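Structural overview
In case you want the letters, here they are:
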Amino acid sequence: MRAGLRISHREKSPMSDGFVLFAFFAAGAAAAYFGAFRAPAFSEPRLFFCGLMSCVLLFSPSGVGSLMLPPCALLLGSFSEQSAMLWMENLLSERRLELFGLLPSLVLVPLFFLSAAHGMAASAAVQRALQRCSPTARAVYRRELSLVFLLVFITLAAIFAIY
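Calculation criteria
- The residue count restarts for each chain, going from 1 along the sequence in the order it is written.
- In keeping with the model being predicted, local features are shown solely for residues with a pLDDT of at least 70 and side-chain atom pairs are shown and tallied solely at 80 or more, while totals for entire chains, interfaces and linings include all residues.
- For side-chain calculations, the full set of non-hydrogen atoms in the structure is used, while hydrogens and water are omitted.
- Helix numbers and strand numbers start at the N terminus; a helix is a DSSP run of H or I with at least 4 residues, a strand a run of E with at least 2.
- Exposure classes here rest on a 1.4 Å probe applied to the protein chains alone. A residue is buried below 20% of its type maximum, exposed above 50%, and partly exposed in between.
- Note on contacts: a residue pair qualifies if any of its non-hydrogen atoms lie within 4.5 Å across the two residues.
- In this description, a line fitted to the C-alpha atoms serves as the axis of each element, helices being fitted only across the stretch in contact, and the angle between N-to-C directions of two axes falls anywhere from 0 to 180 degrees.
- Orientation labels follow simple angle bins: below 35 degrees gives roughly parallel, above 145 gives roughly antiparallel, 65 to 115 gives roughly perpendicular, and whatever is left gives oblique.
- For any pair of crossing helices, the crossing counts as left-handed if the nearer helix is rotated counterclockwise from the farther one by less than a right angle, and right-handed if it is rotated clockwise.
- Residue classes follow a fixed rule: Ala, Val, Leu, Ile, Met, Phe, Trp, Tyr, Cys and Pro count as nonpolar, while Asp, Glu, Lys and Arg count as charged, and any other residue, Gly among them, counts as polar.
- Put simply, buried Ala, Val, Leu, Ile, Met, Phe, Trp, Tyr and Cys residues joined by side-chain atoms within 4.5 Å make one nonpolar core.

**Quick word on the environment of histidine 118**
Its place among the elements puts histidine 118 in helix 4 (residues 103–132). Overall, histidine 118 belongs to the partly exposed group, its relative accessible area being 22%. Considered as a pair, histidine 118 and leucine 147 are 29 residues apart in the sequence and their alpha carbons are 6.9 Å apart. Excluding residues that lie within four positions of it along the chain, histidine 118 makes contacts with Glu144, Leu147, Val148 and Leu151.

Listed below in structure tokens is the structure:
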């Protein structure tokens, strides 16, 4: 009798993907704060966020998503820091508090983290499915990828509602 090889989606710590994304986000924010790195200044932030979400959709179903999504978090950290600095400059110069300037970051950054973390989990499931050919890895891949599509759809709806 042959014992089947089963894997669990909990093999990899679920916090590790989020931690990696947060570390890259914090590094991007620190680099923008200290002036070492600047994200491209878009006249339309909608393009930046849509580009990030398209990267999540592009890299999540592939095996390289675990390597390509953290640099996206680095760009988002730099972009968020630059927008926060612009918001503070406006606050100090005009002496008026505009909460609408922070609304995109308050909504879109957590949605990016959720979709990118599930995208990294889907990418890891692809790698496990290719290495072991297990049905469990394929089921994890389908579940994580469906969550990625749902979260990206919600994020795109929020992008177009906010901007």
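**Observations regarding the side chain of glutamate 81**
Along the polypeptide, glutamate 81 turns up in helix 3 (residues 65–94). Owing to a relative accessible area of 18%, glutamate 81 belongs among the buried residues under this scheme. Look past the residues within four positions of glutamate 81 in its chain and what remains in contact with it is Ala29, Ala32 and Tyr33.

**Looking at the packing of helix 4 against helix 5 (residues 135–162)**
Interaxial distance between helix 4 and helix 5 falls to 8 Å at its minimum, and their mutual angle equals 160 degrees. Relative to helix 5, helix 4 is oriented roughly antiparallel. Taken as a pair, helix 4 and helix 5 cross one another with a handedness that is left-handed. Of the residues in the contact of helix 4 with helix 5, the class split is 23 nonpolar, four polar and three charged.

**A short note on the nonpolar core**
Grouped together as the largest cluster of nonpolar side chains are 25 residues, with contacts concentrated most on Val56, Leu76 and Phe112. Of all elements in the fold, only helix 1 (14–33), helix 2 (45–59), helix 3, helix 4 and helix 5 reach the threshold of two or more residues within this core. At seven residues, helix 4 tops the list of elements feeding residues into this core. Aside from chain neighbours lying at most four places away, what touches phenylalanine 112 is Leu52, Met53, Val56, Leu69, Cys72, Ala73 and Leu76.

**Overview of the packing of helix 3 against helix 4**
As a packed pair, helix 3 and helix 4 sit with axes 9 Å apart at the nearest point and diverge in direction by 170 degrees. Judged by the inter-axis angle, helix 3 sits roughly antiparallel to helix 4. Residues Gly65, Ser66, Leu69, Pro70, Cys72, Ala73, Leu76, Ser80 and Ser83 of helix 3 pack against Ser105, Val109, Phe112, Ala116, Gly119, Met120, Ser123 and Ala124 of helix 4. Classifying every residue of the contact of helix 3 with helix 4 gives ten nonpolar, seven polar and no charged.

These figures come from the coordinates and say nothing about function on their own.
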